[in-house]
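# Notes for the structure review
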Amino acid sequence: MTNRQRPTRWWAELLLLGLVYGAYSGGRLLVRGDVALATEHGLAILRVEGPLGIDFERPLNRLFSETDWLGIPADFIYASLHYLFTPAVLLWMYYRRPRHYIAARTWLVASTLLGLVGFSLMPTCPPRLLDAAHGFTDTMAQYSAYGWWGAEASAPRGLGALTNQYAAMPSLHVGWALWCGVLLWTHGRRPLLKALGIAYPAVTTLVVMGTANHYFLDAAAGAAVMGAGFLATRTLLTRTLLTRGFGTGAAGFRRKSTIVSGGWDTSARELLPAQRPSADDDTAAAAR
């Protein structure tokens, strides 16, 4: 695939992503766990973070709840930006970096589905829904008069039943932001895009903790899920190339592997031993 080539069936890509997101959203609702269990998981996270000194969500939430000019923009960022920024980066990859689009899309899908597994295995109460004695303030509820959301996460008022508020582990807000950041840093050619690739995931991580929607370990788990999704994508695409791009069997591999990605020719010295023409191949070629 050259730099300007892209999947020709854009509607198929749109349908695929729509189906995946629909399955993800529906799956979040289906994996709603027991509230008492989710609360215990949230308290367990605090018990782990406290002695390690990594409970950064506490001071950040205090700062955001006491400072309007930080808390209100943070709530808007949490409620909307991942719905806008993630598709925007995906479209940018499709039109401007089409050679890398399939890998980027597959990475996002695989990581999102892995996150759904996490929600199922460990339903977790976010800090904002813990008892007030634990010292957290729900900034989404505190500043709800400024936005479209109510007291039920970032869902529009009256639609809180359509979201699973106990799907805090892992944080896909952080995971998706990291996906965006890596792609912007890796494929962006302008300094502004590379700077945005650093700033966006960093700001998102601060926001999810400051608004008391996630613990620090939720954010770390979101990054881990993206790492696992990346490895799964690399394995999947490598196997796909071997079976589809190079034919089946050693002979097919040898016949089609003299061209590398991008259309550059390779010399015999650059080929692996299994790729180099055998003596039988040379004899047959001479006979022809």
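For the structure itself, consult the block above.
Residues numbered from 1 in each chain as written. Predicted model: local features only at pLDDT ≥ 70, side-chain atom pairs only at ≥ 80, totals over all residues. Heavy atoms only, no water.

## Considerations on the nonpolar core
Ranked by size, the top nonpolar core spans 23 residues in total, and within it Phe85, Val89, Met93, Trp179, Cys180 and Leu183 carry the most contacts. For this core, the elements supplying multiple residues, two or more each, are α4 (68–96), α5 (101–121), α7 (172–187) and α9 (216–245). Looking at this core, the element that brings in the most residues is α7, giving seven residues. Among all residues touching tryptophan 179, those that are not within four sequence positions of it are Thr86, Val89, Leu90, Ala104, Trp107, Leu108 and Met226. If you look at the next biggest cluster of nonpolar residues, it comprises twelve residues, including Ala74, Val174, Val208 and Ala219. (Core = buried A, V, L, I, M, F, W, Y, C linked by side-chain atoms within 4.5 Å. Buried < 20%, exposed > 50% of the residue type's maximum accessible area, 1.4 Å probe, protein only. Helix = DSSP H or I, 4+ residues; strand = E, 2+ residues; numbered from the N terminus. Contact = heavy atoms within 4.5 Å.)

## Quick word on unusual backbone geometry
The general pattern is negative phi for most residues beyond glycine and trans for most peptide bonds. The step from methionine 169 to proline 170 runs through a cis peptide bond, and the omega angle for that step is 0°. Within the secondary structure layout, proline 170 lies in the loop between α6 (139–142) and α7. In the Ramachandran plot, alanine 212 falls in the positive-phi region, its phi being about 65° despite a non-glycine side chain. Its location among the elements puts alanine 212 in the loop between α8 (191–210) and α9. Residue alanine 212 is classed as buried on the basis of its relative accessible area of 0%.

## Comments concerning the packing of α4 against α7
Look at α4 against α7: their axes get within 10 Å of each other, and the N-to-C directions meet at 35°. The two elements α4 and α7 cross, and the hand of that crossing is left-handed. Here Tyr78, His82, Phe85, Thr86, Val89, Leu90, Trp92 and Met93 of α4 come into contact with α7, specifically with His173, Trp176, Trp179, Cys180, Leu183, Leu184 and His187. Its residues assigned to classes, the contact of α4 with α7 shows eleven nonpolar, four polar and no charged. (Axes fitted to C-alpha atoms, helices over the stretch in contact; angles between N-to-C directions. Left-handed = near helix turned anticlockwise from the far one by under 90°. Nonpolar A, V, L, I, M, F, W, Y, C, P; charged D, E, K, R; others polar.)

## So, the pattern of salt bridges
Overall, the coordinates contain three salt bridges when judged by the stated rule. For the salt bridge of arginine 47 with glutamate 40, the shortest nitrogen-to-oxygen distance reads 2.4 Å. Between arginine 58 and aspartate 55 there is a salt bridge, with its nearest N and O atoms 3.5 Å apart. Judged by relative accessible area, arginine 58 falls into the partly exposed class, the value being 26%. (Salt bridge = Lys/Arg side-chain N within 4 Å of Asp/Glu carboxyl O.)

## So, the packing of α4 against α8
Here α4 crosses α8 at 145°, and the two axes come no closer than 11 Å. In this structure, α4 meets α8 at a crossing whose hand is left-handed. Here α4 contributes Ala74, Ile77, Tyr78, Leu81, His82, Phe85 and Trp92 to the contact with α8, which in turn contributes Leu193, Leu196, Tyr200, Val203, Val207 and Val208. Of the residues in the contact of α4 with α8, the class split is twelve nonpolar, one polar and no charged.

## Let's talk about the environment of aspartate 68
Turning to its location among the elements, aspartate 68 is positioned in helix α4. Separated by 71 residues in the primary sequence, aspartate 68 and threonine 139 have C-alpha atoms spaced 9.7 Å apart.

## Observations concerning the packing of aromatic side chains
The description of an aromatic ring pair uses the distance of the two centres, along with the angle that the planes make with each other. A complete count under the given rule lists six aromatic pairs for this structure. When the centroid spacing of 5.0 Å and the interplanar angle of 80° are considered together, the rings of tyrosine 94 and tyrosine 95 count as edge-to-face. According to the relative accessible area criterion, tyrosine 94 is buried, its value standing at 7%. Where tyrosine 143 meets tyrosine 146, the ring centres are 6.4 Å apart and the plane angle is 65°; that geometry is what we call edge-to-face. The class of tyrosine 143 is buried, set by a relative accessible area of 3%. Ring pairing ties together the aromatic residues Tyr94, Tyr95 and Tyr101, which thus form one cluster. (Phe/Tyr/Trp six-rings, centres within 6.5 Å; stacked < 30°, edge-to-face > 60°.)

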